[in-house]
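Chain by chain, the residues:
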Amino acid sequence: MNAEITCNCCRKRKAVVGLEYSGLDLCGQCFCELFERRVRKANRDFAMLRRGDRIVVGVSGGKDSAAMLHVLDKLARKIGDITLIPVLIDEGIKGYREKAKKKAEALCKAHGYKLTVYSFSGLSGKSLDQIIKLRNKSHDPQFSSMGACAICGTLRKYLLNKAALKLNANKVAIGHNADDIGQTFLMNILRADPDGVSRFGPVSENDGDGLTVPRIKPLIYLPERECAYYCELKGLSYHLGECPYATEAFRGLVKDFLNDSEEKYPGIKFNVLKSYLNLRAQLEENYGGKSAAKPATKSSSIPSNKCEKCGGKCSKKICRACQILEFLKK
Ligand code: SF4
């Protein structure tokens with residue numbers, strides 16, 4: 001950043017962060033205040049935190065969850081009577097997760113928390129590396145066609161929910177940022193899965209059966225890049241490496257497309273986020289938050305099925321996590 005530029009907000013300190021989409025150049029302090037204001041806005045808009053909450057905070061060792069833990073810690077103290085429980089899911093990715101885990105431990109220690117770790121090995125007896133080897137050798141068309149991220153993401157979500165139930169938490173906080181939400185939205189569109197658009201959101205529904213813990217996404221208004229700036233400016237410990245399986249992901253293509261588009265047309269990522277939130281609001285208004293793909297009438301809500309194995313909410317007989325766990329037993 002040009003040494004001559006002064007912060008557009010305080011007009012005193014030197015600007016260190018440029019936000020192309022808004023034309024603002026901000027000093028470290030004003031940028032961090034803006035970052036935290038956006039988390040508070042997400043909290044207000046979607047009623048994420050309440051007094052008395054016990055929240056499992058998904059911590060990965062990366063920048064998003066580091067920024068999230070830091071801001072939630074501040075916010076929880078301000079609101080009062082909120083317990084945060086950082087949980088890391090160790091997938092078992094050699095050369096990647098061990099380093100990230102060390103960063104997560106250091107981050108939690110610096111904030112006065114103990115990190116609780118759950119692993120894929122503890123769940124299924126196999127690390128993700130071993131699961132991917134089995135998938136590569138499998139003749140089962142369903143299992144062999146699953147992407148590493150689909151397997152990993154499904155088991156991670158399942159395990160985080162399991163952890164939250166065990167730790168008696170009533171919410172799970174996930175470090176999904178504005179980029180992640182925009183990518184997921186576009187991926188659903190590109191896969192012709194409009195139902196998927198209504199399935200994910202800033203706050204997931206409580207199904208009332210005590211088996212699925214609601215998820216909250218406090219970073220929904222924060223672009224990925226700004227999470228990194230925030231961590232740097234606050235001196236938060238985070239791991240910068242890339243998962244070796246990331247190249248397999250369809251998400252990578254969508255991410256590159258959005259990054260290139262943002263470069264040429266600053267603000268496009270926020271437009272995608274806005275489109276998603278507007279569409280979601282309309283779906284909720286028209287169909288009462290139920291599936292958008294099969295809306296028969298306003299009053300004929302579609303009952304959500306229960307997985308025959310674990311009892312969790314799912315749209316088929318057996319949920320995807322239980323299907324994967326079955327493949328691993330064969
Ligand atoms: Fe899991 Fe994919 Fe993320 Fe790697 S990139 S940690 S495989 S979801």
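Q: Which residues make up helix α5 (residues 128-137), and what values go with them?
A: Of the residues making up α5, those classed as buried are Leu128, Asp129, Ile131, Ile132 and Arg135. What you see down the axis of α5 is that its buried residues fit within an arc of 160 degrees, all on one side. Facing away from the buried side of α5, by more than 90 degrees, are the exposed residues Lys133 and Lys137. Of the surrounding elements, those touching the buried residues of α5 are α4 (120-124), α6 (141-144), α7 (148-166) and α13 (320-329).

Q: Residue-level account of helix α2 (residues 63-79), with values.
A: Given 3.6 residues to a turn, an α-helix orients residues that are three or four positions apart in the same direction. Between its first and last C-alpha, α2 extends 24 Å over 17 residues, near the 24 Å set by a 1.5 Å rise per residue. Gly80 sits one or two positions beyond α2 and adopts a positive phi of about 90 degrees.

Q: Outline the packing of aromatic side chains, supporting the account with residue identities and numerical values.
A: Per the stated rule, a full pass over the model turns up 8 aromatic pairs. Plain terms: the ring middles of Tyr21 and Phe270 are 4.9 Å apart, the flat faces sit at 80 degrees to each other, and that makes the pair edge-to-face. Note that Tyr21 is positioned in the loop between β1 (17-19) and β2 (24-26) and Phe270 in helix α12 (residues 268-287), a separation of 249 residues in sequence. The partly exposed category is assigned to Tyr21, whose relative accessible area is 23%. Taken together, a centroid distance of 6.2 Å and an interplanar angle of 40 degrees make the contact between Phe46 and Tyr221 tilted. With Phe46 in helix α1 (residues 28-46) and Tyr221 in the loop between β7 (215-216) and α10 (224-234), this residue pair connects regions lying 175 residues apart in the sequence. The exposure class of Phe46 is partly exposed, given its relative accessible area of 23%. Accessibility expressed as a relative area gives 13% for Tyr221, which makes it buried.

Q: Mind laying out the sheet that holds β7, listing which residues take part and the relevant values?
A: The strands making up a sheet associate through hydrogen bonds between their backbones, and the pairing can be parallel or antiparallel. Spatial ordering of the open sheet is given by β5-β4-β3-β6-β7, a layout of 5 strands whose pairing is parallel. Where the open sheet ends on each side, the last strands, each with one partner, are β5 (116-119) and β7. Taken together, the 4 bridges between strand β4 (residues 83-90) and β5 define a ladder with parallel strand orientation. The residue of β5 that forms the bridge with Ile89 is Tyr118. Relative to β4, helix α3 (residues 97-110) is tilted by about 165 degrees, and along the sheet it contacts β4 and β5. Contacts from α7 reach β3 (54-58), β4, β5, β6 (171-173) and β7 within the one sheet, and its direction differs from that of β4 by about 145 degrees.

Thresholds, definitions, all that
Residues numbered from 1 in each chain as written. Predicted model: local features only at pLDDT ≥ 70, side-chain atom pairs only at ≥ 80, totals over all residues. Heavy atoms only, no water. Buried < 20%, exposed > 50% of the residue type's maximum accessible area, 1.4 Å probe, protein only. Helix = DSSP H or I, 4+ residues; strand = E, 2+ residues; numbered from the N terminus. Arc of directions from axis to C-beta. Contact = heavy atoms within 4.5 Å. Expected span 1.5 Å × (residues − 1). Phe/Tyr/Trp six-rings, centres within 6.5 Å; stacked < 30°, edge-to-face > 60°. Pairing = 2+ DSSP bridges. Axes fitted to C-alpha atoms, helices over the stretch in contact; angles between N-to-C directions.

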